[in-house]
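What follows is the residue order along each chain.
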Amino acid sequence: MRITSIDFQALSRKSLALMLTGFVALFVSFYIFLSLADDVWEDESFKLDAMVNQFIVSFNTPWLTDMMGYITETGSVPWLTVATILVVAYLVLLTDKSYWVATFLVINMLGISGLTKGLKLLFERQRPETLEQFDGTGFSFPSGHSTGAITFYGFMIYLIVISKLSKGWKWVINGFLTTWILLVALSRVFVGVHYVTDIIAGLAIGLAWLLICVTGLVLLRRR
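Conventions adopted
Residues numbered from 1 in each chain as written. Predicted model: local features only at pLDDT ≥ 70, side-chain atom pairs only at ≥ 80, totals over all residues. Heavy atoms only, no water. Helix = DSSP H or I, 4+ residues; strand = E, 2+ residues; numbered from the N terminus. Buried < 20%, exposed > 50% of the residue type's maximum accessible area, 1.4 Å probe, protein only. Contact = heavy atoms within 4.5 Å. Areas by Shrake-Rupley, 256 points an atom, 1.4 Å probe, with all protein chains shown as cover. pLDDT = per-residue confidence, 0-100. Salt bridge = Lys/Arg side-chain N within 4 Å of Asp/Glu carboxyl O. Phe/Tyr/Trp six-rings, centres within 6.5 Å; stacked < 30°, edge-to-face > 60°. Axes fitted to C-alpha atoms, helices over the stretch in contact; angles between N-to-C directions. Parallel < 35°, antiparallel > 145°, perpendicular 65-115°, else oblique. Nonpolar A, V, L, I, M, F, W, Y, C, P; charged D, E, K, R; others polar.

Next up on the list: the overall build of the protein chain. A count of helices and strands for the protein chain gives 8 helices and 0 strands. Put simply, the protein chain runs from its N terminus to its C terminus through helices and strands in the order α-α-α-α-α-α-α-α. Taken across its 223 residues, the protein chain has 42% of its residues classed as buried. The contacts in the protein chain between residues at least 6 apart in sequence include a share of 76% that link residues at least 24 apart. On the protein chain, roughly 13,000 Å² of surface is accessible, and the fraction owed to carbon and sulfur atoms is 68%.

Below is the structure:
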């Protein structure tokens, strides 16, 4: 397949606006991650971490921790691996989507997994607490559950956007998925295995990678 240049004149104003928004979001995501990464590299402490931890401790209860423990599992590697396999099978066998959609979902998930592991080994930030019960082992920065949640459920948001569902249902489902991404990320602080700056960094780098993958897929589908 021959790759040609993009005909920007053929794109609608809506498409151009979405592309511009995506590039801005990509830039902001990288900026946030790099800003936090620089301070973590210098082994500096964050007032935000202490403030958020104190706030959560002030109202956290055992039943809330247990509930967050169930939520945090939906961002774990086993859960997302099984979910990815099921979605890929659905896309390939039961829809009229091109194989490229399923391929980019796999690239999206494998890529963020490798990127997260590499960054953890690079920064070697220790966790606030090590708890195997909540998959709280290894290094802390960035949060793997946060990167995994935003890349997987974010890709699901993209699939809903390009689906044939009504506009109302798209808003409802994507609103739920967005909320779930944030809950999975915040759950890591509630169960005590991550700092909030780990969460913010994870969401930022995960969003950046998701945007790169989705942009690549969109441009390829336009070919």
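Next comes the rest of the write-up.
Detail in the predicted coordinates should be disregarded across regions flagged by low pLDDT. Of the residues in the protein chain, 87% have a pLDDT of 70 or more, and the chain-wide mean is 84. Averaged pLDDT values for the elements of the protein chain fall to 76 in helix 1 (residues 13-41) and rise to 95 in helix 6 (residues 144-161). In the predicted structure, residues 1-6 sits below a pLDDT of 50 and forms 7 contacts with residues beyond four places in sequence or in another chain.

Here Leu-80 is to be found in helix 4 (residues 77-94). The exposure class of Leu-80 is buried, given its relative accessible area of 6%. Sequence-wise, Leu-80 and Phe-152 are 72 residues apart; in three dimensions their C-alpha atoms are separated by 7.3 Å. If sequence neighbours within four positions are ignored, Leu-80 has contacts with Thr-74, Gly-75, Met-109, Gly-148, Ala-149, Phe-152 and Tyr-153.

Here we come to the pattern of salt bridges. Under the defined criterion, the tally for this structure stands at 2 salt bridges. Residue Asp-49 pairs with Arg-125 through a salt bridge whose shortest N-O separation is 3.1 Å. Here Arg-125 lies in the loop between helix 5 (99-123) and helix 6 and Asp-49 lies in helix 2 (residues 47-59), a separation of 76 residues in the sequence. Both residues of the pair, Asp-49 and Arg-125, belong to the buried class. When the shortest N-O distance is used, the salt bridge between Arg-125 and Asp-198 registers 2.7 Å.

Positionally, Leu-207 belongs in helix 8 (residues 196-222). On the basis of relative accessible area, Leu-207 is assigned to the partly exposed category, the value being 27%. Separated by 182 residues in sequence, Leu-207 and Ala-25 place their C-alpha atoms 8.2 Å apart. In contact with Leu-207, not counting residues within four places along its chain, are Ser-29 and Ile-150.

Counted by the stated rule, this structure contains 9 aromatic pairs. Aromatic pair Phe-33 and Phe-141: ring centres 5.7 Å apart, planes at 20 degrees, arrangement stacked. Within this pair, whereas Phe-33 is found in helix 1, its partner Phe-141 is found in the loop between helix 5 and helix 6, the two being separated by 108 residues in sequence. Just as Phe-33 is buried, Phe-141 falls in that class too.

Moving on: the environment of Glu-73. Note on placement: Glu-73 falls in helix 3 (residues 62-73). According to the relative accessible area criterion, Glu-73 is partly exposed, its value standing at 34%. Linking Glu-73 and Arg-188, residues 115 residues apart in sequence, is a C-alpha distance of 9.9 Å.

Each pair of packed helices gets described by two things: the angle between the helix axes and the distance between those axes. Close contact between helix 2 and helix 8 brings their axes to 8 Å; oriented N to C, the two are set at 110 degrees. As the angle between them shows, helix 2 and helix 8 are arranged roughly perpendicular. Two secondary-structure elements touch here, helix 2 through Leu-48, Asp-49 and Val-52 and helix 8 through Val-196, Thr-197 and Ile-200. Of the residues that constitute the contact of helix 2 with helix 8, the class distribution is 4 nonpolar, 1 polar and 1 charged.

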